[in-house]
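# Survey of secondary and tertiary structure
Next come the chains, spelled out residue by residue.
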Amino acid sequence: MKLYKTIILAAAALFEVSCSNDPETELELTAENIQVSSVGGTQTFNINCNADWTISVPAAADWLTVNPTSGSKSATITVTIQPYEDATGRSTTLTVTSENLVRSLSIVQTRPEVPADPAEQVVNVRAGAKELTIDAPQGYVYKVSAPKDGFITVGDCTKESIVLTVAENATGKDREAEVLILTTDDKELAQVTVKQGWRYVNPGDVLIEEVFFTGTLNETNSTAVGEQYIKFTNNSDETLYMDGLIFAAENFFYSQMTSVGSYWAHPELEDAICIENAYRFPGNGTEHPVEAGKSIILALAAQNYSADNANAIDLSGADFEIYEENDRYPDIDNPDVPNVDVLFKRSQSLTSLHNRGYESYALFALPPAMTLETFEAEYKYDVTITFWMNGAPLTTSQLLSRAPTAYRIPNEWVVDGVNCGVSQYFNAPQFNSSIDAGYTGCGTVDNDQTRFGKSTIRKKDAKGKLVDTNNSTNDFTGDSTPSLKK
């Protein structure tokens, strides 16, 4: 019994010696910290260990993943970090544990870099209220700052786009405002300048494409009264509205009369044109749309002239007509065609275009806040022009025993203008060169008998856009077949 006890004690001593020789646990990391940029990405580090280990990731660090998070002995650990867009950096700490040993590794992700030269964008808009959608800056948490007392409010902001609402401009003047796109700590990312004009239709947007003033001869070599039209075309890339636009004519001082002292008939109007007849397209602003590239026809009288003259033109399908209630000169109204408003005119007879082509024509708009009464009171213009007749100077007042009443239209109101004339005697364009530096017409001599049934039509470029160089000599082709001729 004593011997057995001795053997057990010896074995226990041997086991104790064996356990005390086991290697101690080792745990080392090849990095103490990892730093990444805002774009994120993948980083690795190694665990050197001789035992089992685990990695603890804080719950708040949902912006990264660690693989693997547990293992035995040495291993390579992959950390995948998501992109970051906020203005302040972020960080977390991974904890690696093996038995009684603990090691830490910090991960720091920096904020996105702010551009040294913030992007700049200029957006031009018309006078009407409009929603603008602009691209949002990519790679940032951003905020948008618009002037509190301005005409722009900020709408929906997403990662892809920013919506700005521009209020209607009824000031009669151009205006602009700056919208800043900032980081959350007010570092500038981009600047958007919104320039809003006072017009609903800008110069050159709607053009006078064609003027058919000659009429068509019938069997008795006469033309029907009213067989005349003007074609207006939307030369922009968006739908526009004819509402409120005014068609005007200057026909007292014909282009064939010789003015004294200037090639232009009205040298005293340096920044304006003179008109005597005006007709306004009706509507509240959105009633009469014209799509990009499309046209509308304003007929002097919307009648089917081909019913009595096979060579004449059917104008019964015109978009608008000039109808005048006149007891002395009865007019015929087409009930299916809207009438333009007759604002004022010099002649007491029915409106007609000069059938030899001595007039000039314009399209313009009053500033939105201006009433017709204000315009007539402030822009009335008593024309006094000296010209030559039969070799002697004569003023308009002498010719009419009064100064003819007209109105001056500032050039900035004009959308388009076209001088007409005949080359044989052409002398004095009625609109200055800033509106039209040339002229167009049909025929080459006064009362040219070949002009009848012909029209003057604006040219088109290779892309199908109307040519507009503010020089009708270059822009139009006279003696053309009318576009409504079938």
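Relevant structure appears above.
Quick summary incoming for the structure in this document. (Residues numbered from 1 in each chain as written. Predicted model: local features only at pLDDT ≥ 70, side-chain atom pairs only at ≥ 80, totals over all residues. Heavy atoms only, no water.)

### Observations concerning a negative patch on the surface
On the surface, Asp117, Glu120, Glu176 and Glu178 cluster together into a negatively charged patch. If you trace the backbone, Glu120 turns up in strand β10 (residues 119-125). Overall, Glu120 belongs to the exposed group, its relative accessible area being 68%. (Patch = residues over 30% accessible without salt bridge, like charges linked within 9 Å, V, L, I, M, F, W, Y side chains within 5 Å. Areas by Shrake-Rupley, 256 points an atom, 1.4 Å probe, with all protein chains shown as cover. Salt bridge = Lys/Arg side-chain N within 4 Å of Asp/Glu carboxyl O. Lys, Arg positive; Asp, Glu negative; His and termini not counted. Charge placed at Lys NZ, Arg CZ, Asp CG, Glu CD. Helix = DSSP H or I, 4+ residues; strand = E, 2+ residues; numbered from the N terminus. Buried < 20%, exposed > 50% of the residue type's maximum accessible area, 1.4 Å probe, protein only.)

### Some thoughts on the sheet that holds strand β12 (residues 142-145)
The pairing of strands in a sheet happens through backbone hydrogen bonds and is either parallel or antiparallel. Strand order in this open sheet of 4 strands is β10-β16-β15-β12, and the pairing throughout is mixed. Looking at the sheet topology across the chains shown, the edges are occupied by β10 and β12. Here the strands of the sheet are splayed against their neighbours by 20 degrees on average, with no regard to which way each runs. Examined bridge by bridge, β10 and strand β16 (residues 188-196) share 7 bridges and lie parallel to one another. Across the sheet, residue Gln121 finds its bridge partner in β16, namely Val192. (Pairing = 2+ DSSP bridges. Axes fitted to C-alpha atoms, helices over the stretch in contact; angles between N-to-C directions.)

### Focus: the environment of Leu207
With respect to the helices, strands and loops of the structure, Leu207 is situated in strand β17 (residues 206-212). On the basis of relative accessibility, which here comes to 0%, the residue Leu207 falls in the buried class. Each C-alpha atom, one on Leu207 and one on Val415, is 7.4 Å from the other, the two residues being 208 residues apart in sequence. Ignoring anything within four residues of it in the chain, the contact list for Leu207 reads Lys231, Phe232, Thr233, Asn235, Asp416, Arg458, Leu466 and Asp468. (Contact = heavy atoms within 4.5 Å.)

### Let's talk about the pattern of salt bridges
Applying the stated criterion to the full structure yields 14 salt bridges. Salt-bridge contacts for Glu85 lead to Lys159; the nearest nitrogen and oxygen are separated by 2.8 Å. Linking Glu85 in the loop between β7 (75-81) and β8 (90-98) with Lys159 in the loop between β13 (152-157) and β14 (161-166), this pair joins segments that are 74 residues apart in sequence. Relative accessible area serves as the criterion here: at 24%, Glu85 is assigned to the partly exposed category. Assessed through its relative accessible area of 49%, Lys159 is described here as partly exposed. Between Asp185 and Arg111 there is a salt bridge whose closest N-O contact spans 2.6 Å. Taken together, the residues span a long stretch of sequence, with Asp185 in the loop between β15 (175-183) and β16 and Arg111 in the loop between β9 (101-109) and β10 at a distance of 74 residues. Judged by its relative accessible area of 28%, Asp185 is partly exposed. Judged by its relative accessible area of 25%, Arg111 falls in the partly exposed class. Each member of the salt-bridge network shares a partner with another, and the members are Asp416, Arg458, Asp468 and Asp475.

### Quick notes on the packing of aromatic side chains
With the rule as written, the count across this model stands at 13 aromatic pairs. Note that Arg175 overlies the ring of Phe151, its terminal NZ or CZ placed 4.2 Å from the centroid. The ring of Phe452 carries the charged tip of Arg451 above its face, separated from the ring centre by 4.2 Å. (Phe/Tyr/Trp six-rings, centres within 6.5 Å; stacked < 30°, edge-to-face > 60°. Lys NZ or Arg CZ within 6 Å of the ring centre and 35° of its normal.)

### As for the nonpolar core
Counting residues in each nonpolar core, the largest one holds 30 residues, and the members touching the most others are Phe232, Phe281 and Leu298. Listing elements by their share of this core, those giving two or more residues are β17, β18 (229-234), β20 (246-250), β25 (295-299), β28 (360-364) and β33 (414-419). Each residue touching Leu298, except ones within four places of it in the same chain, is listed here: Gln228, Tyr229, Ile230, Phe232, Phe247, Phe281, Phe320, Glu321, Ile322 and Val340. If you look at the next biggest cluster of nonpolar residues, it comprises 22 residues, including Phe45, Cys49, Ile55 and Ile77. (Core = buried A, V, L, I, M, F, W, Y, C linked by side-chain atoms within 4.5 Å.)

### A look at the sheet that holds β13
Sheet architecture is open: 3 strands sit in the order β11-β14-β13, paired in antiparallel fashion. For this open sheet the edge positions go to β11 (130-135) and β13, each flanked by a neighbour on one side alone. For this sheet the average axis-to-axis angle between neighbouring strands, irrespective of direction, equals 25 degrees. Strand direction decides the pairing type here: β13 and β14, joined by 4 bridges, are antiparallel. Bridge pairing in β14 places Cys157 opposite Ile162.

### Things to note about the side chain of Asn334
Assignment of secondary structure puts Asn334 in the loop between β26 (320-321) and β27 (341-344). Given the relative accessible area of 9%, Asn334 is considered buried. A distance of 3.4 Å separates a polar atom in the side chain of Asn334 from the backbone oxygen of Ser316. Residues contacting Asn334, with those up to four places away along its chain left out, are Ala302, Gln303, Ser316 and Glu321. (Polar contact = N/O pair within 3.5 Å; in protein donor to acceptor, adjacent residues only side chain to side chain.)

### As for the state of the cysteines
Under the definition given, this model contains 0 disulfides. There is no disulfide at Cys420, and the cysteine sulfur nearest it, in Cys442, is 8.2 Å away. By relative accessible area, which is 1% here, Cys420 ends up buried. (Disulfide = S-S within 2.5 Å.)

### Looking at the side chain of Ser98
Of note, Ser98 is situated in strand β8. A polar side-chain atom of Ser98 sits 2.6 Å from the main-chain carbonyl oxygen of Asp52.

### Comments concerning unusual backbone geometry
Cis geometry marks the peptide bond from Asn67 to Pro68, where omega comes out at -5 degrees. Looking at the secondary structure, you find Pro68 in the loop between β5 (64-67) and β6 (70-72). Non-glycine residue Asp479 carries a positive phi angle of around 55 degrees. Judged by relative accessible area, Asp479 falls into the partly exposed class, the value being 37%.

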